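Listed below, chain by chain, are the residues.
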Amino acid sequence: SAVISQKPSRDICQRGTSLTIQCQVDSQVTMMFWYRQQPGQSLTLIATANQGSEATYESGFVIDKFPISRPNLTFSTLTVSNMSPEDSSIYLCSVEQAGAGGELFFGEGSRLTVL
Amino acid sequence: GENVEQHPSTLSVQEGDSAVIKCTYSDSASNYFPWYKQELGKRPQLIIDIRSNVGEKKDQRIAVTLNKTAKHFSLHITETQPEDSAVYFCAASWGNYGQNFVFGPGTRLSVLP
C-alpha cells in the first residue's frame, strides 16, 4: 500500500494568514486528492491534482482560496489562503494506487485550528 | 450528482453482538462501494469493499451486502470487539474511482465491554 506523509500534522494559525500543507507519496501516482474533514463530519473532496495540469476543483471550492501545486508524480501542496475560523478542519491528502482497484489511501491529515 | 445517506449516525452495541450500518446511494451509475474505518485521531482506512457485479463479500468478521435494485449496501460486523469502536464511512464511486468518491456522513460505533 502507498505510504503518504503529510506536513504539518497540526498547526494553529491566525486569521488572515495562509498555510501550505505538503503531501509526499512513496510511489508515483497519477492523481492526488485533497479532502477536508470538518470537526465531526465526513470527508469532502476539495480538488484533484494531476501532474502537469491545473487542479480540478469541486463545487464550493475555488483556486484562489485553495491553490494547489503538483510539481511531480510524488508530491503535492495545498495552501489554505486568508484563513478564517471556518477553515479549522483536518485536511487529508489521498491517492489511488495503481492496481489497487480503486482503493484510496489517506495521509495522516493536517489538523488546522484558526484563531 | 451522487448522494450517499448513512444510518444510523451513532450505534452502541455490547461486545460480542453484531452491528449493521446501512447506506443508500442515488446514482445508478455507481459501481464501487468501499467502507472506511476511522479511529479517533487517525486516518480513514479501507476495511472492505464491493463492486456492482457482486452481491455479497465477506472478510472474517466483516461482510458487506449490495442491493443494486434498491440502491443500498450494508456493513455487517459480527462478534464485535472494543477495538471495532470507531467512525465508519461508506462511499459510492463510479468510473475513474478516485476522483468520483462520495462519502456518507459516517456512523460512530461504540462497542461496550
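Note: the structure precedes this text.
Residues numbered from 1 in each chain as written. Chains lettered and ligands numbered in written order. Predicted model: local features only at pLDDT ≥ 70, side-chain atom pairs only at ≥ 80, totals over all residues. Heavy atoms only, no water.

Draft legend 1. Local environment of the sheet that holds strand β8 (residues 72-77) of chain B. Residue and element names in this part refer to chain B. The antiparallel open sheet is built from five strands, whose spatial order is β1-β3-β8-β7-β6. Where the open sheet ends on each side, the last strands, each with one partner, are β1 (4-7) and β6 (56-59). Neighbour-to-neighbour, the strand axes of this sheet turn through a mean angle of 15°, independent of strand direction. Pairing geometry for β1 and strand β3 (residues 19-25), over four bridges, is antiparallel. What sits directly across from Val4, in β3, is Tyr25. (Pairing = 2+ DSSP bridges. Helix = DSSP H or I, 4+ residues; strand = E, 2+ residues; numbered from the N terminus. Axes fitted to C-alpha atoms, helices over the stretch in contact; angles between N-to-C directions.)

Draft legend 2. Here's a closer look at the pairing of strand β9 (residues 89-96) of chain A. Residue and element names in this part refer to chain A. Extensive coverage of β9 is indicated by the burial of seven of its eight residues. By the bridge criterion, six bridges tie strand β4 (residues 31-37) to β9 in an arrangement that is antiparallel. Pairing of Tyr35 across the sheet is with Leu92, part of β9. By the bridge criterion, three bridges tie β9 to strand β11 (residues 110-114) in an arrangement that is antiparallel. Looking at β11, one finds that Ile90 is bridged to Arg111. Relative to strand β10 (residues 104-106), β9 runs antiparallel, the two being bridged by three bridges. Looking at β10, one finds that Glu96 is bridged to Leu104. (Buried < 20%, exposed > 50% of the residue type's maximum accessible area, 1.4 Å probe, protein only.)

Draft legend 3. Representation of the interface of chain B and chain A in the model. Counting residues at the interface gives 16 residues for chain B and 20 residues for chain A. Interface area for chain B against chain A, summed over the two sides, is near 1,600 Å², with a carbon-plus-sulfur share of 52%. In this structure, Arg43 of chain B engages Glu108 of chain A in a salt bridge whose closest nitrogen and oxygen atoms are separated by 2.6 Å. At the junction of chain B with chain A, the criterion picks out five residue pairs in polar contact (both at pLDDT 80 or more). Of all the secondary structure elements, the ones that give two or more residues to the side of chain B that touches chain A are β4 (32-38) and β5 (45-51) of chain B. Residue classes in the side of chain B that touches chain A are distributed as nine nonpolar, four polar and three charged. (Contact = heavy atoms within 4.5 Å. Buried area = accessible area lost by both parts, 1.4 Å probe. Salt bridge = Lys/Arg side-chain N within 4 Å of Asp/Glu carboxyl O. Polar contact = N/O pair within 3.5 Å; in protein donor to acceptor, adjacent residues only side chain to side chain. Nonpolar A, V, L, I, M, F, W, Y, C, P; charged D, E, K, R; others polar.)

Draft legend 4. Representation of the sheet that holds strand β8 (residues 75-80) of chain A. Residue and element names in this part refer to chain A. A sheet is described by the order of its strands in space; here four strands give the open sequence β1-β3-β8-β7, paired in antiparallel fashion. The open sheet is flanked by β1 (4-7) and β7 (68-72), the only strands paired with a single partner. The mean angle between the axes of side-by-side strands here comes to 15°, regardless of whether they run parallel or antiparallel. In this sheet, strand β3 (residues 19-25) lies alongside β1 in antiparallel orientation, the contact comprising four bridges. Looking at β3, one finds that Lys7 is bridged to Gln22.

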